[in-house]
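Geometric and topological summary
Here is how the chains run, residue by residue.
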Amino acid sequence: MIKRRTIILYCLLVALLTGAFAVWQTYKPEARQGSKTITVNIDHLEGEDKTYTIYTDEEYLRGALEQENLIEGTESEYGLYVLTVDGETADETEMQWWGYDVNGTLAEYGVDGQVVTDGDVYDFALNVGW
């Protein structure tokens, strides 16, 4: 009689745990990619041009690009001076520099000051000549 009760209690416990797991799977929060989606186009001097779709919660462009390891540079009093984008480094001896447009318009701010807005498109190009 005691074994029978133990088996029944064990079966009820397994059924309860299975039901709880099923409810959790049904109502668990979905994974979140980021509240903003931006597009980053990169025009390389040499090599294939690339486009990245970035999902981010970052407020400024620098954070979104660093999140994807797309930029490197040196710190200055004005913020990050971008030297490398997507693995291609500007050669300052050849007067090369990285610039970018925001939604087709020349950027007014550096990557530290450029606010990220959902749907923005950023076009980076390696330029030659000061």
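Each chain carries its own residue numbering, running from 1 in the direction its sequence is written. Note on the predicted model: pLDDT of at least 70 is required for a residue's local features to be given, and 80 or more for side-chain atom pairs to be given and counted; whole-chain, interface and lining totals, by contrast, use all residues. Note that the side-chain values use all heavy atoms of the structure and ignore hydrogens as well as water.

By definition here, a salt bridge exists when the distance from a side-chain nitrogen of Lys or Arg to a carboxyl oxygen of Asp or Glu is within 4 Å. In total, this model carries four salt bridges according to the counting rule given. The shortest N-O distance in the salt bridge between arginine 62 and glutamate 75 comes to 2.3 Å. Taken as a pair, arginine 62 in helix α2 (residues 61–67) and glutamate 75 in strand β3 (residues 71–76) lie far apart in primary sequence, 13 residues in all. Buried means the residue's accessible area, taken with a 1.4 Å probe over protein chains only, is under 20% of the maximum for its type, while exposed means over 50%, and partly exposed covers the values in between. Take arginine 62: its relative accessible area is 16%, and that puts it in the buried class. As a salt-bridge pair, aspartate 112 and arginine 62 come within 2.9 Å of each other at their nearest N and O atoms. One end of the pair, aspartate 112, is in the loop between β7 (105–106) and β8 (121–128); the other, arginine 62, is in helix α2, and 50 residues separate them in sequence. Aspartate 112 gets classed as partly exposed once you look at its relative accessible area, which sits at 26%. Through salt bridges that share partners, Arg62, Glu66, Glu75 and Asp112 make up one connected network. Going along the chain from the N terminus, every DSSP run of H or I of four or more residues is numbered as a helix, and every run of E of two or more is numbered as a strand.

To continue, consider the packing of aromatic side chains. Ring pairs are drawn from Phe, Tyr and Trp, using the six-membered ring of Trp, whenever the two centres fall within 6.5 Å, and their geometry is named by plane angle: stacked under 30 degrees, edge-to-face over 60, tilted for the rest. This structure, assessed with the given rule, holds two aromatic pairs. Ring centres of tyrosine 100 and tyrosine 122 lie 6.4 Å apart, and the angle between their planes is 55 degrees; this geometry places the pair in the tilted category. Of this pair, tyrosine 100 sits in strand β6 (residues 96–102) while tyrosine 122 is found in strand β8, placing the two residues 22 residues apart along the sequence. Look at tyrosine 122 and you get buried, because its relative accessible area is 0%. On the basis of an interplanar angle of 20 degrees and a centroid distance of 4.9 Å, the ring pair of tyrosine 100 and phenylalanine 124 is categorised as stacked. You can see tyrosine 100 sitting in strand β6 and its partner phenylalanine 124 sitting in strand β8, a full 24 residues away along the chain. Aromatic rings pair up to connect Tyr100, Tyr122 and Phe124 into one cluster.

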